[in-house]
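The chain contents come next:
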Amino acid sequence: MKQLSGKVAVVTGGNSGIGLAIATAFARAGAQVVILGRRQDAVDAAVARIGADTVGIVGDVADLATHDRLIAEVHQRFGGLDIYVANAGTAILEPSAAVSVDNFDTQFSINTRGTFFGVMKALPKMQDGASIILISSIASAKVLDGHAVYAGTKAAIEAFARSWALELKDRKIRVNVISPGPVDTPILAKLGIDDGARAAFDSAMAQAIPLGRMGQADELASAALFLASDESRFVTGTNIRVDGGMALT
């Protein structure tokens with residue numbers, strides 16, 4: 001029997017990168033997967049790639065109406081859900097002195113408010129014994145250049161997880177965090193690391209990460225699969241760092 005057979009899973013930001021890898025792993029493990037993404041073309045491509053009757057919904061996690069629409073669709077189709085992965089996020093990396101109000105608000109609206117209210121909107125339709133997984137970053141604990149605001153958004157959701165793990169204990173809903181280190185996903189190009197800079201970047205990461213390389217999205221998906229399944233049934237309120245040991249350096 002597959003680990004997630006009969007389960008309904010929502011993955012925000014499930015159309016690319018880590019979110020796509022998690023959604024794919026969940027579908028292969030037998031879950032009915034619903035992904036949320038911002039662009040119709042990217043969501044459609046992800047649904048086709050994942051297969052297994054995946055449902056794709058387009059919306060912005062910073063818009064609370066998106067969460068109402070998402071959960072209404074899940075309820076109408078499946079009655080409820082068992083797994084919620086708050087993965088959607090954005091990073092604008094710059095020194096603190098250069099941060100504009102707009103860039104500050106954008107990151108907190110998507111990463112922090114989107115996570116908080118996404119979970120709050122989902123909770124009434126979540127089954128008792130469900131699993132909530134929040135995707136954070138090692139930047140919340142390790143100081144990295146240009147990451148001050150982004151790190152703050154992620155530190156906040158880690159605080160949410162600790163509170164929720166206790167608040168939801170009577171419903172046996174487990175709440176855990178995954179903190180990735182650098183991962184080889186398309187977001188690298190968005191951060192300005194193009195093909196010309198890639199060799200130098202990879203070399204720098206190999207020096208900074210004890211295991212000598214960046215992570216792969218499927219390695220993050222394996223951690224999420226563990227936290228979503230009954231294999232982690234006695235795990236709640238924890239933060240799993242999938243970073244090759246980078247947070248130690």
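All values reported here derive from a predicted model rather than from experimental measurement. (Residues numbered from 1 in each chain as written. Predicted model: local features only at pLDDT ≥ 70, side-chain atom pairs only at ≥ 80, totals over all residues. Heavy atoms only, no water.)

Before going further, it helps to spend a moment on the packing of aromatic side chains. As enumerated under the stated definition, the model contains 5 aromatic pairs in all. With a centroid separation of 5.0 Å and an interplanar angle of 75°, the aromatic rings of Phe116 and Phe117 are classed as edge-to-face. Linked through ring pairs, Phe116, Phe117, Phe160 and Trp164 together constitute an aromatic cluster. (Phe/Tyr/Trp six-rings, centres within 6.5 Å; stacked < 30°, edge-to-face > 60°.)

Within the secondary structure, Asp243 sits in the segment after strand 7 (239-242). One buried charge, Asp243, has no salt-bridge partner; the nearest side chain with opposite charge is Arg241, at 5.4 Å. Among the polar contacts listed, one links the side chain of Asp243 to the backbone nitrogen of Gly245, at a separation of 2.9 Å. When sequence neighbours within four positions are dropped, the list of residues in contact with Asp243 reads Ile138, Ser179, Pro180, Gly181 and Ile209. (Helix = DSSP H or I, 4+ residues; strand = E, 2+ residues; numbered from the N terminus. Buried < 20%, exposed > 50% of the residue type's maximum accessible area, 1.4 Å probe, protein only. Lys, Arg positive; Asp, Glu negative; His and termini not counted. Salt bridge = Lys/Arg side-chain N within 4 Å of Asp/Glu carboxyl O. Polar contact = N/O pair within 3.5 Å; in protein donor to acceptor, adjacent residues only side chain to side chain. Contact = heavy atoms within 4.5 Å.)

Counted by the stated rule, this structure contains 1 cavity of 30 Å³ or more. Taken as a whole, the largest cavity holds about 40 Å³ of empty space. Taken together, Thr12, Val61, Tyr84, Ala86, Ala88, Ile110, Gly114 and Thr115 form the lining of the largest cavity. Taken together, the elements giving at least two residues each to the lining of the largest cavity come down to strand 4 (81-86) and helix 4 (101-122). Grouping the amino acids of the lining of the largest cavity by side-chain chemistry returns 5 nonpolar, 3 polar and no charged. (1 Å grid on protein atoms, 1.4 Å probe; cavity = no way out; pocket = protein on both sides within 12 Å on 5 of 7 lines; lining within 4 Å. Points joined across faces, edges and corners; volume = space filled by probe spheres on them. Nonpolar A, V, L, I, M, F, W, Y, C, P; charged D, E, K, R; others polar.)

This part is about the pattern of salt bridges. Inspection of the entire model under this criterion finds 7 salt bridges. A salt bridge links Lys121 to Asp68, with the shortest nitrogen-to-oxygen separation between them at 3.0 Å. Taken together, the positions of Lys121 in helix 4 and Asp68 in helix 3 (residues 64-78) put the pair 53 residues apart, joining distant regions of the chain. Of the residues examined, Lys121 reaches a relative accessible area of 29% and is grouped as partly exposed. Of the residues examined, Asp68 reaches a relative accessible area of 39% and is grouped as partly exposed.

A few words now on the nonpolar core. Among the nonpolar cores identified, the biggest contains 33 residues, and Leu70, Tyr84, Met126, Ile132 and Leu134 are the most heavily contacted of them. Residue contributions to this core peak at 6 residues, all from helix 5 (residues 148-167). Look past the residues within four positions of Ile132 in its chain and what remains in contact with it is Tyr84, Val119, Leu123, Met126, Leu168, Ile173, Arg174, Val175 and Asn176. Ranked by size, the runner-up nonpolar core spans 32 residues in total, among them Ile22, Ala27, Ala29 and Ile50. (Core = buried A, V, L, I, M, F, W, Y, C linked by side-chain atoms within 4.5 Å.)

Moving on, we get to the sheet that holds strand 3 (residues 55-58). Spatial ordering of the open sheet is given by 3-2-1-4-5-6-7, a layout of 7 strands whose pairing is parallel. Looking at which strands have only one partner, the edges of the open sheet turn out to be strand 3 and strand 7. Strand-to-strand twist across the sheet, computed as the mean angle between neighbouring axes with direction ignored, equals 20°. Seen against the sheet, helix 2 (residues 40-50) touches strand 2 (32-37) and strand 3 and runs at an angle of roughly 170° to strand 3. (Pairing = 2+ DSSP bridges. Axes fitted to C-alpha atoms, helices over the stretch in contact; angles between N-to-C directions.)

This paragraph deals with the packing of helix 3 against helix 4. Remark: helix 3 packs on helix 4, axes separated minimally by 9 Å, with the N-to-C direction vectors making an angle of 30°. Overall, the two elements helix 3 and helix 4 adopt an arrangement that is roughly parallel. Along this stretch, helix 3 crosses helix 4, giving a crossing that reads as right-handed. Where helix 3 approaches helix 4, its residues Leu64, His67, Asp68 and Ile71 are matched on the opposing element by Gly114, Phe117, Gly118, Lys121 and Ala122. A breakdown of the residues in the contact of helix 3 with helix 4 according to their chemical character gives 4 nonpolar, 3 polar and 2 charged. (Parallel < 35°, antiparallel > 145°, perpendicular 65-115°, else oblique. Left-handed = near helix turned anticlockwise from the far one by under 90°.)

Interpretation in functional terms is not warranted from these geometric data alone.
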